[in-house]
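This is what each chain is made of:
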Amino acid sequence: MKRILQIYRTDIHHIVTNWAALLMIFALIILPSFYAWFNIKASWDPYGNTKGIKVAVVNHDKGYKVNGKAINVGNELVQMLKQNHKLGWTFVSEKDAIHGVKTGKYYASISVPPDFSKDLASITTQHQTKPSIEYIVNEKINAVAPKMTSSGASSIVENISSEFVKTVSKAIFSIFNKLGIELQQDLPDIENFKMWVFKLEHDIPVINRLVNTADKDIKEADSIVKKTQGAMPTVSRIVSHGQTVSNELTTFFTDINNKLNNVEPIVRDQLMMLAITASDVSQFVNGVQTNNWSITDIEESANRHNIQLQQGISIIKQLQTLLANIDQMNGNNTLNVLNNQFSNIKTQLQKDIDVNNQLLNVLQNNEQLSDSQRRNLSEQANEVASNLHHIVNQYDTTFAPAIRKAITQAERDNADANRLLTATHLTIPRVESILNDTENGLMFGKREIKNIKAHLPTVEQKVVQLAKKIRTFEKEENINQLIALLKNNVEEKSDFLKQPVVLKEKTFFHVPNYGSGMTPFYTVLSFWVGAMLLVSLVSVELHDEVHLKSVQIYLGRLLLFLTIAILQSAIVTIGDIFLLNVYVKEKLWFILFGAGISLLFMFIVYTLVSVFGNIGKAFGIILLVLQISASSGTFPIEVTPAFFQRIHPFLPFSYAISLMREALGGMLKETVQTDLFRLLVFALTTAAIGIGLKKPLKAFIEKFVKKAKMSKLFE
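Okay, so let's go over this structure. Owing to the predicted nature of the structure, the values given are computational and were not obtained by experimental measurement.

Some remarks on the overall build of the protein chain
Per the secondary structure count, the protein chain includes 18 helices and six strands. Taking as baseline every contact in the protein chain between residues at least 6 positions apart, the subset at least 24 positions apart corresponds to 80%. Split by element, the accessible area of the protein chain, about 42,600 Å² in all, is 59% carbon and sulfur.

Here is the structure:
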C-alpha cells in the first residue's frame, strides 16, 4: 500500500512542478465539460426555433359560391399562415417553389389546387369530393427537417378541417334547432305511436293465432251448423219422444211409491226373519254340545238355517239392485251408503252359513268340538245376530226414508226434465231460424278471414320492421336528449364539433425542456470521452520503476486517473446546474452520482488500457460506439434494432444514464438501488480483470506492442 501511495504522490509532484504537464492535465480536466455543455445547449429547445425552416406556399384556389355566397379557403389559408410563425412560411409561385425545394432553398412546399374550395363545398351536394393539398419535401437536406415540415403540413390540414367542420356544423345545427322545437311539440304523438307499434308487434302472434283459430272455428262452425240443420228433424222427434218417456216415468214413480207402501212391511219382515234365523243359528251352535241331538237332527237344523240364509242373501241382492237403479235415475250415489250396508248384511249371512258348515263338518267326522272352537263359532253367530237386529232397528228410521227420498228426488228431476223438454219443443222453430242466420254469417266471415290471412304476413313484416327501427333508434339515441341537443346553442355546438376532444396532460417527474432531458446522456457521455482523452495522452505505465510489481503500478497510477475523473465530473455536473441552468431536482445527488459514474468509467477505461495496452484503447472506443446506440440515451431502447436491445442490459451507460435521470427528474428508491447495484457489479468485474490479468498478460502485451512498432506505423 505504501508503494502505491508513493506512486500517486510522485505523479502529483511531477504535475505541479512542470507547467506544461499542469497545463495538459488542466485541459484534460476541462475538455469533457465542453463536450457536454455544447451538446446540451445545442439541443436545449430544437422544436422552439423552427421559424427559420423555410416552407414555400403556393395558392391556386379559384374559390367557389355556396348558396350565392363566395368562399375562398385558399386565401383564408394564406392569411392564417401569415399569422403563424412556427415555420418560415414563404409565399411564392409554383415554379419558384419546386425549384427552391430541389436546390435546398426551401425544405418543403405546400400547394393549394384550383378546385380546393369547390371540392370542400361538395359536402352540400349528392356526390362529395375530398379536397387535397400537395406537399413536396426534400429529404436530402436534413434528417429532422422533413419531420418538422410534415408536422406543419398536417397542422394546416387539421386547421382547415376544424374550421370547415365548425362552419358546416353551425349551418346544420341552425336547422336542427328548428327541428328540435318541432319534435318537442310532436313528442306526445310520437310516444303514443311508438307504444301502439310495440303493442301491435307484441300482439301479432296472438292475432295470427286468433285469425287461424277463427278460420278453423268458422269451418268447424259451418260444418256444425250444417249437421245441426240436418239433425233438427231428429232432435224434434227426440224431444217429442222424451216428453212421452217423461210422462211414462211420472206414472212409473207414482206406481212405485204406491208399491213401496206395500213392499216396505214385507222387507222389514224379511229382515226380521233373517235376524231371528241368525239368533237361531247362535242358539243352535251353543246347544249342540249341551243337548243330546242326533247327527240327523243337527243336519236338518243346519240345512234349514242355510236355506233361510240363502233366501235372505237373494232378497238383499234384489234390494241392492233396486237401490242402484234409483241412484242411476238420479244420476248420483245418494243410496250408495245403504247399498254398502246391505253388502255388509250379505257378508254377515254368509258368515252364519260358514258357521253351520263348519259345525256339520266337525260332527260328521265324529269329532268333538273343543271349547275354543265352540266359543269361536258361538261368537261369530252372536255377532251376525246382533248386526242383523241392529239393521232391523234402523230400517224405519234410516233405510226406508232414504229410499223414499231418492225416489222423490228422481220424481222432481223427471218433472224438471219434462218442463225442459216442453220448452225445448217450443224453441225448436227459433233455433232453426238462428241456424239459418248463422249459416249466412259464417259465409261472410269465411270471406273476410280469407282476406285477412292474405294480407296479414305483409302487415306483420311492416310492423316488425318499424318496431325494430324504433328500438335501434332508442338504443343508439334518446329522443329527449336529441331534442335537447338540437335546441342547444348553435355556436357552442359547432365549436364543440370543431374540437370535440381536449387533451388533459398529466406529467410525472416533470422536465421543463428538451435540453434538460438530454443532460444525463451528454453528461455521462462526456465522462467516457474524458477517460478516453486521458488514457490517450497520459501513460498508464511507469517505465523507470522496474522494481515495482505490476499490481502496484496498476493501482498506483489508477489513483491519479481517478483524481482527475473526480475533477472532470465536478466541473461537468456543477456547470450543468449553475452555468447552463439545467433543471435538476436533486442537485447534490446529481453531483455525487456524476462523481461515482466518472470514477467507474475512468476505472473501466484505465483498466482496459493498463491490461491490454493500445488494444484496450480500441476496446474503449468500441464500447463508446455501442453504448451511444444501445443505452437509450436519446431514443427509447424499444425502437432500436434487436441487437442493441439485447446488449442494452450489459452496458454501464444504461444504468449510469438512468441513475443521472433519477437525480434530475426525481428519484425512486427502487430504481436508484437497482442502478447502483449494477454499476457496482461493473466496478467489481473491472477490478477482477485489472488485478487478475495485469501480470499474466503483461509479457504478451509488451511483445505485441513491440511487434506492432516494428511496422513503423504505430507508436
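Here we look at the packing of helix α14 (residues 587–612) against helix α15 (residues 614–630)
Remark: α14 packs on α15, axes separated minimally by 6 Å, with the N-to-C direction vectors making an angle of 150 degrees. Relative to α15, the crossing made by α14 is right-handed. Residues L608, V609 and F612 of α14 touch α15, and the partners they reach there are N614, I615, G616, K617, F619, G620 and L623.

Quick word on the side chain of T573
Relative to the helices and strands, T573 resides in helix α13 (residues 550–578). Here T573 falls in the buried class, since its relative accessible area comes to 0%. Polar contacts involving the side chain of T573 include one to the main-chain carbonyl oxygen of S569, which spans 2.7 Å. Each residue touching T573, except ones within four places of it in the same chain, is listed here: T523, F527, F590, I591, G594 and M660.

What about the packing of aromatic side chains?
Inspection of every chain in the model, using the stated rule, returns twelve aromatic pairs. Centroid distance W589 to F593: 5.3 Å. Interplanar angle 35 degrees. Geometry classified as tilted. With W589 and F593 both in helix α14 and four residues apart, this pair spans about one turn of that helix. Judged by relative accessible area, F593 falls into the buried class, the value being 7%.

Points about the sheet that holds strand β6 (residues 134–137)
Strands sit in the order β4-β1-β5-β6 across an open sheet of four strands; the sheet is mixed. The open sheet has two free edges, formed respectively by β4 (88–91) and β6, since each of these has just one partner strand. Strand-to-strand twist across the sheet, computed as the mean angle between neighbouring axes with direction ignored, equals 20 degrees. The pairing of strand β1 (residues 54–59) with strand β5 (residues 108–112) spans five bridges and is parallel. Note on β5: the bridge partner recorded for N59 is V112. Here helix α4 (residues 94–103) sits on the sheet and contacts β1, β5 and β6; the angle it forms with β5, its principal contact strand, is near 155 degrees.

A closer look at a nonpolar patch on the surface
A cluster of nonpolar residues, L31, F34, F38 and L533, forms a patch on the protein surface that exposes about 360 Å² of accessible area. A per-element tally of the nonpolar patch places helix α2 (residues 19–42) first, with three residues. With respect to the secondary-structure elements, F38 resides in helix α2.

Some details on the nonpolar core
The biggest cluster of nonpolar side chains holds 60 residues, and the ones touching the most others in it are W528, F561, I597, F601 and F653. When residues of this core are assigned to their parent elements, the largest contribution, 14 residues, is made by α14. In this structure F561 touches L534, V535, V538, S539, V540, M602 and Y606, once residues within four positions along its chain are discounted. I313, L319, I345 and L388 belong to the second-largest nonpolar core, a separate cluster that totals 17 residues.

Some details on unusual backbone geometry
One non-glycine residue with positive phi stands out, namely N581, at about 60 degrees. Tracing the chain through its elements places N581 in the loop between α13 and α14. We classify N581 as exposed; its relative accessible area is 57%.

The rules we used
Residues numbered from 1 in each chain as written. Predicted model: local features only at pLDDT ≥ 70, side-chain atom pairs only at ≥ 80, totals over all residues. Heavy atoms only, no water. Helix = DSSP H or I, 4+ residues; strand = E, 2+ residues; numbered from the N terminus. Contact = heavy atoms within 4.5 Å. Areas by Shrake-Rupley, 256 points an atom, 1.4 Å probe, with all protein chains shown as cover. Axes fitted to C-alpha atoms, helices over the stretch in contact; angles between N-to-C directions. Left-handed = near helix turned anticlockwise from the far one by under 90°. Buried < 20%, exposed > 50% of the residue type's maximum accessible area, 1.4 Å probe, protein only. Polar contact = N/O pair within 3.5 Å; in protein donor to acceptor, adjacent residues only side chain to side chain. Phe/Tyr/Trp six-rings, centres within 6.5 Å; stacked < 30°, edge-to-face > 60°. Pairing = 2+ DSSP bridges. Patch = residues over 30% accessible without salt bridge, like charges linked within 9 Å, V, L, I, M, F, W, Y side chains within 5 Å. Salt bridge = Lys/Arg side-chain N within 4 Å of Asp/Glu carboxyl O. Core = buried A, V, L, I, M, F, W, Y, C linked by side-chain atoms within 4.5 Å.

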